[in-house]
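Analysis of the macromolecular model
Each chain is listed here by its residues.
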Amino acid sequence: METFKNMLSPLGMNTGAIQDTLKLVVIGGTVETARRASISAWNGFVDSFFLTAHFSQEDYPYDWLMHWLSKQPAWGRSREFEITTRTVSRNGLTQSTTGDLEDDDEEEEDEDALVHGRRKRKVAFMPSLDTTHTIYYRGHWLRITRTKRYPDYGHGSSLKISVVARNNDILKKLVLEAKREYEKDAEHRVHIFMADTTYGCWRWNGARQKRPMSSIVLQPGVKDMLLADCKDFLCSEDWYAERGIPFRRGYLLYGVPGSGKTSLIHSLAGELGLDIYVVSLSSKGMSDNTLTTLMGHVPSRCILLLEDLDAAFTRSVSRDSSSTGAPTPSPSTPNSNDANDGSTLSLSGLLNSLDGVAAAEGRLLFATTNHIERLDPALSRPGRMDVWVNFTHATKWQAEGIFKCFFPSKPVASPSSTSQEKIDVSQKNLPLPKRRPGHAIPVLEEAEIAELAKRFADAIPEGELSVAALQGYLLKNKVRPRECVDEVGDWIIQERETREKLKKEKAEREAKEKKELAEEKERKEKEEKAAKEQDERETREKLEKRDRAKSKKAHRAETVMKLEGATAAPASSTPADAVIPVVHSESASSSESDTSNGGIEADTEESMTSEEEPDKPAGATSDAKEQQQTTAKDKWIAVKGHQPPPPPPSSSSSPLDS
């Protein structure tokens with residue numbers, strides 16, 4: 001400082017102000033450095049004690065924790081929140097918090113009551129995004145922050161939880177507790193995932209209520225066989241590994257439409273507690289690479305569903321019952337939809353994705369088809385489709401079971417042990433009814449229900465109506481069990497008439513389409529034939545024109561040579577004042593014009609000749625022209641006052657010959 005002061009003193013400057021400025025700069029820099037160092041040290045100290053866990057919305061733990069947080073009182077008492085009526089999360093569960101707004105007058109009313117055809121809305125208080133909330137859990141304070149990674153797209157949320165602890169045991173306990181509560185509340189739902197061909201991933205499509213196995217009425221023993229086979233497979237992973245067999249199982253459900261194939265798969269998924277992953281093989285953008293990627297990302301415990309396997313390759317297989325499954329060639333037109341469907345999936349790619357090296361293991365593959373005869377033998381062989389189940393039209397036994405399912409009987413007073421034994425096993429996973437029935441269904445005695453079911457089954461023809469048709473009829477009469485049985489005969493007659501009418505309309509439509517196709521084919525054949533004849537005619541005319549042009553050119557050259565030779569012969573013996581014949585004939589003038597025009601009039605003259613005399617050959621036409629030139633009358637003029645000689649006696653002679 002003293003040195004700096006001595007340097008500035010000769011300049012006559014005020015050193016006091018400069019010293020004060022330098023002091024402030026030094027002190028400020030020291031304070032800022034100390035602040036940053038303390039903050040860094042504090043962050044390091046905090047990070048050494050805080051444990052932070054991140055949860056993404058694309059994974060299951062995010063749903064578990066959000067469902068668990070919705071039940072915490074502190075989560076509903078947040079100081080910064082959002083008011084919303086959309087309380088249903090992507091997992092299908094209603095997330096209501098303790099801070100939800102409810103009307104006192106509506107507490108006594110049914111919570112599922114309908115207002116103008118829809119349920120009453122509830123107002124919910126949800127903590128805001130990008131805000132830190134503190135919750136006390138098992139002696140630890142949790143700092144929870146919910147953010148959105150892609151705010152412009154409305155999805156991609158994430159959750160961050162921090163806690164002061166020496167190890168991550170507290171976070172493990174939190175996640176496991178949230179998982180148990182979530183699975184307990186989601187016990188009665190089946191999650192559906194759809195294949196996204198754009199990004200090659202699986203998208204959650206919703207959660208469906210489980211369907212009890214008792215609601216599926218099949219032939220005796222079919223449900224039990226399938227359920228036992230699925231459970232045995234899921235418990236045999238080690239057995240498959242010891243024998244080197246791929247841990248995969250395939251089921252092929254084939255038969256008539258509306259026989260309950262998809263409903264059975266839904267019921268099995270609810271009974272086994274598995275999610276359903278649905279693949280549409282004919283969707284736009286589906287390719288071998290995309291399908292292989294999707295199959296590789298399938299979880300180890302799930303149901304993989306391929307619906308309508310016979311219509312997977314829409315460009316070569318028709319869903320008409322008259323089709324044999326062979327590829328049907330279709331004319332490629334610019335407006336064809338097949339060229340723009342975007343699906344490049346091949347049979348080889350499908351086979352490799354099902355049981356190739358990169359195929360997923362541990363999944364249950366279910367495939368449905370209405371026409372098993374159309375499937376390639378390589379696709380339905382054992383190893384890919386191990387179990388085949390045939391679905392037919394409804395039998396009398398099925399009709400009786402469906403009727404009893406729609407109209408339950410009064411519970412009979414009996415010991416609790418006996419009643420528990422009669423309950424179907426599939427009924428254990430069903431949720432309890434939480435709302436009052438919306439329809440006044442008469443409850444009849446068991447004997448009366450059995451009698452009505454028997455009468456209903458006797459009236460149903462064996463193997464003629466589908467299960468879906470019976471279900472539709474019972475739905476229309478769900479509160480009229482007695483009238484339903486009395487009117488079933490008239491309904492069957494009406495169904496037959498409707499089917500006959502539809503069948504007749506279909507036959508007429510097919511006949512009309514066939515006739516139109518035949519007419520269109522005949523018209524195209526005529527057009528092609530006419531076009532072919534026109535091309536042949538034009539080709540023949542061109543050849544004739546070329547031949548005539550060649551012959552005329554040769555004749556013209558010969559005539560010119562004759563004229564030159566005849567003119568040169570008398571020129572040597574004729575005196576200077578002799579009469580020189582100058583020919584001004586029509587043939588000479590035409591030759592000069594033809595020579596000057598260079599062959600343009602030749603083509604025109606040939607075309608005119610061909611049009612006037614199409615039957616005459618080219619040689620005859622040339623001879624006629626030559627004769628016309630020979631018989632043309634020549635005109636003579638006198639040179640140097642000499643009289644011209646008399647004309648020749650005959651038209652065939654020429655002056656050159658005299």
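Residues numbered from 1 in each chain as written. Predicted model: local features only at pLDDT ≥ 70, side-chain atom pairs only at ≥ 80, totals over all residues. Heavy atoms only, no water.

**So, a negative patch on the surface**
Together, Glu-533, Asp-535, Glu-536, Glu-538 and Glu-541 make up a region of like negative charge exposed at the surface. Within the secondary structure layout, Glu-541 lies in helix 16 (residues 488–571). (Patch = residues over 30% accessible without salt bridge, like charges linked within 9 Å, V, L, I, M, F, W, Y side chains within 5 Å. Areas by Shrake-Rupley, 256 points an atom, 1.4 Å probe, with all protein chains shown as cover. Salt bridge = Lys/Arg side-chain N within 4 Å of Asp/Glu carboxyl O. Lys, Arg positive; Asp, Glu negative; His and termini not counted. Charge placed at Lys NZ, Arg CZ, Asp CG, Glu CD. Helix = DSSP H or I, 4+ residues; strand = E, 2+ residues; numbered from the N terminus.)

**Here's the deal with the nonpolar core**
Judged by nonpolar contacts, the single largest core of 30 residues is most densely connected at Leu-226, Leu-264, Ile-276, Ile-303, Leu-364 and Phe-366. Broken down by secondary-structure element, the contributors of at least two residues to this core are strand 9 (189–196), helix 6 (222–234), strand 11 (249–255), helix 8 (261–272), strand 12 (276–279), strand 13 (303–306), strand 14 (364–369) and strand 15 (387–391). Here the element with the most residues in this core is helix 6; it accounts for 6 residues. If we skip the residues at most four places from it in the chain, Ile-303 touches Ile-265, Leu-268, Ala-269, Leu-274, Asp-275, Ile-276, Tyr-277, Leu-364 and Phe-366. Core analysis: the second largest hydrophobic core is formed by 27 residues, Met-295, Cys-302, Leu-345 and Ala-360 among them. (Core = buried A, V, L, I, M, F, W, Y, C linked by side-chain atoms within 4.5 Å. Buried < 20%, exposed > 50% of the residue type's maximum accessible area, 1.4 Å probe, protein only. Contact = heavy atoms within 4.5 Å.)

**Concerning the packing of aromatic side chains**
As enumerated under the stated definition, the model contains 14 aromatic pairs in all. With a centroid separation of 5.4 Å and 85° between ring planes, the pair formed by Trp-68 and Tyr-137 is classed as edge-to-face. Placement of Trp-68 in helix 3 (residues 60–69) and of Tyr-137 in strand 6 (residues 132–137) is noted, with a sequence separation of 69 residues between them. A residue is classified by how much of its surface remains accessible, and Trp-68, at 2% relative accessible area, is buried. For Tyr-137, a relative accessible area of 7% gives the class buried. One aromatic cluster is present, formed by Phe-403, Phe-407, Phe-456, Tyr-473 and Trp-491 through successive ring pairs. Directly above the aromatic system of Trp-64 lies the positively charged group of Lys-179, at a separation of 5.7 Å from the ring centroid. (Phe/Tyr/Trp six-rings, centres within 6.5 Å; stacked < 30°, edge-to-face > 60°. Lys NZ or Arg CZ within 6 Å of the ring centre and 35° of its normal.)

**A look at the packing of helix 6 against helix 8**
Close contact between helix 6 and helix 8 brings their axes to 11 Å; oriented N to C, the two are set at 45°. Classified by the angle between their axes, helix 6 and helix 8 sit oblique to one another. Between helix 6 and helix 8 lies a crossing of right-handed hand. Contacts between helix 6 and helix 8 pair Lys-223, Leu-226, Leu-227, Cys-230, Lys-231 and Leu-234 from the former with Leu-264, Leu-268, Glu-271 and Leu-272 from the latter. Taken together, the residues of the contact of helix 6 with helix 8 break down into 7 nonpolar, no polar and 3 charged. (Axes fitted to C-alpha atoms, helices over the stretch in contact; angles between N-to-C directions. Parallel < 35°, antiparallel > 145°, perpendicular 65-115°, else oblique. Left-handed = near helix turned anticlockwise from the far one by under 90°. Nonpolar A, V, L, I, M, F, W, Y, C, P; charged D, E, K, R; others polar.)

**A few points about unusual backbone geometry**
One non-glycine residue, Asp-130, adopts positive backbone phi at about 55°. Its place among the elements puts Asp-130 in the loop between strand 5 (124–127) and strand 6. Using a relative accessible area of 59% as the deciding quantity, one classes Asp-130 as exposed. With a phi close to 50°, Asp-308 is a non-glycine residue in the positive phi region. Inspection of the secondary structure assignment puts Asp-308 in the loop between strand 13 and helix 10 (347–355). Take Asp-308: its relative accessible area is 31%, and that puts it in the partly exposed class.

**Considerations on the environment of Arg-496**
Summarising the element assignment, Arg-496 is placed in helix 16. For the pair Arg-496 and Leu-465, spaced 31 residues apart in sequence, the C-alpha to C-alpha distance is 9.4 Å.

**Side note on a nonpolar patch on the surface**
On the surface, Trp-42, Phe-45, Phe-49 and Val-164 cluster together into a nonpolar patch covering about 410 Å² of accessible area. The element that contributes the greatest number of residues to the nonpolar patch is helix 2 (residues 15–49), accounting for 3 residues. By the secondary structure assignment, Phe-45 is in helix 2. With a relative accessible area of 43%, Phe-45 lands in the partly exposed category.

**Quick notes on a positive patch on the surface**
Together, Lys-542, Lys-545, Arg-546 and Lys-550 line one region of the surface with positive charge. Assignment of secondary structure puts Lys-550 in helix 16. According to the relative accessible area criterion, Lys-550 is exposed, its value standing at 56%.

**A word on the sheet that holds strand 9**
Backbone hydrogen bonds are what pair the strands of a sheet, in a parallel or an antiparallel way. Ordered in space as 10-9-12-13-14-11-15, the 7 strands form an open sheet in which the pairing is mixed. Strand pairing shows two members of the sheet lacking a second neighbour, strand 10 (201–209) and strand 15, which therefore form its edges. Between one strand axis and the next, the sheet turns through 25° on average, direction left out of account. Bridge count for strand 9 against strand 12 is 3 bridges, and the pairing is parallel. In the strand pairing of strand 12, Phe-193 is matched with Tyr-277. Those strands touched by helix 8 are strand 9, strand 10, strand 11, strand 12, strand 13, strand 14 and strand 15, and its axis lies near 165° from that of strand 14. (Pairing = 2+ DSSP bridges.)

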